[in-house]
Amino acid sequence: MCGECGGDGSSCTGCMDDTALNYDFEATIPCDGCCEYPTDVEMGVVYVSSSGEIEIEMTNINEVAGFQFELTSTCDVDITSGYGGSAEDAEFMISTSPTGLTVLGFSLTGSIIPVGSGTLLFLDATFECESGSFGLEDVIISDISGNSMSVNIYDDYEYSSEC
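Our subject in this report is the structure included herewith. Source: prediction; values computed, not measured.

## Remarks on the overall build of the protein
Next up, step 1: In terms of regular secondary structure, the protein is built from one helix and twelve strands.
Next up, step 2: The order of helices and strands in the protein, counted from the N terminus, is β-β-β-β-β-β-α-β-β-β-β-β-β.
Next up, step 3: Taking the principal axes of its C-alpha atoms as reference, the protein extends roughly 70 × 40 × 25 Å.
Next up, step 4: Sequence-distant contacts in the protein: of pairs separated by 6 or more residues, those separated by 24 or more amount to 63%.

## Quick look at the state of the cysteines
Next up, step 1: Overall, the coordinates contain three disulfides when judged by the stated rule.
Next up, step 2: With a sulfur-sulfur separation of 1.7 Å, C31 is cross-linked through a disulfide to C34. A torsion of -75° about the S-S bond marks the disulfide between C31 and C34 as left-handed.
Next up, step 3: Relative accessible area serves as the criterion here: at 19%, C31 is assigned to the buried category.
Next up, step 4: Note on cysteine connectivity: C75 is disulfide-linked to C129, with sulfurs 1.9 Å apart. Handedness here is read from the sign of the S-S torsion; for C75 and C129, about 70°, the answer is right-handed. Of this pair, C75 sits in the loop between β5 (66–73) and β6 (76–83) while C129 sits in the loop between β9 (116–128) and β10 (131–142), and the two are 54 residues apart along the sequence.
Next up, step 5: Judged by its relative accessible area of 8%, C75 is buried.

## Focus on the environment of D78
Next up, step 1: Secondary-structure assignment places D78 in strand β6.
Next up, step 2: Residue classification places D78 among the partly exposed residues on the basis of a relative accessible area of 42%.
Next up, step 3: With 82 residues separating them along the chain, D78 and S160 place their C-alpha atoms 18 Å apart.
Next up, step 4: Each residue touching D78, except ones within four places of it in the same chain, is listed here: D124, A125 and T126.

## Focus: the side chain of E55
Next up, step 1: By the element assignment, E55 lies in strand β4 (residues 53–60).
Next up, step 2: Using a relative accessible area of 19% as the deciding quantity, one classes E55 as buried.
Next up, step 3: For E55, the side chain forms a polar contact with the side chain of T119, separated by 2.5 Å.
Next up, step 4: For E55, the residues in contact, after removing those within four places along its chain, are G44, V45, V46, Y47, T119, L121 and F122.

About the criteria used
- Starting afresh in each chain, residues are numbered from 1 along the sequence in its written order.
- Per-residue local features are limited, in this predicted model, to residues with pLDDT of at least 70; the limit for side-chain atom pairs, both in listing and counting, is 80 or more; totals at the level of whole chains, interfaces and linings are taken over all residues.
- Side-chain metrics rest on all non-hydrogen atoms present in the structure, leaving aside hydrogens and water.
- Helix and strand assignments follow DSSP, with helices taken as H or I runs no shorter than four residues and strands as E runs no shorter than two, numbered in order from the N terminus.
- In what follows, a contact means two residues having at least one pair of non-hydrogen atoms within 4.5 Å.
- When the sulfur atoms of two cysteines come within 2.5 Å, that pair is taken as a disulfide.
- Note on exposure labels: buried denotes an accessible area under 20% of the residue type's maximum, exposed denotes more than 50%, and partly exposed covers the range between, all computed with a 1.4 Å probe on protein chains only.
- Throughout this description, a polar contact denotes any pair of N or O atoms lying within 3.5 Å of each other; where both atoms belong to protein, one of them has to be capable of donating a hydrogen while the other can accept it, and for residues adjacent in sequence the pair is counted only when both atoms sit in side chains.

The structure is reproduced here in structure tokens:
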């Protein structure tokens, strides 16, 4: 117990940030990096059609001003365009790399994607495989001040042309 006579004080250490998920109101000695905070953004591939449409979903607890990510796959994939979802609703410019799997979204007018959950965008792609995994990596999400937001990426989507 913290404050115990003759104790070593180890039970007094804890997260003292009242905005943290694991805030310890009894702590009198701040811990080093032990505070846990909610993830700003969770996102990933949630559907892949045999016609080449790839759906990217996002849940965000703060407004999003821009995003960049790499699509990964065990299939040989080429992205041809990106459209729709909350990115299009926010009038984001969506750019895809013609020789790679990079996707970039941002606003030229300062608009944001509001807090919410749903389809971020759809990617039109061509790929050669009957089954494989599709996922995201190197995800960067920015707030309106250009600060990087914390991100949790979904497990890869397992595609099969038989389904």
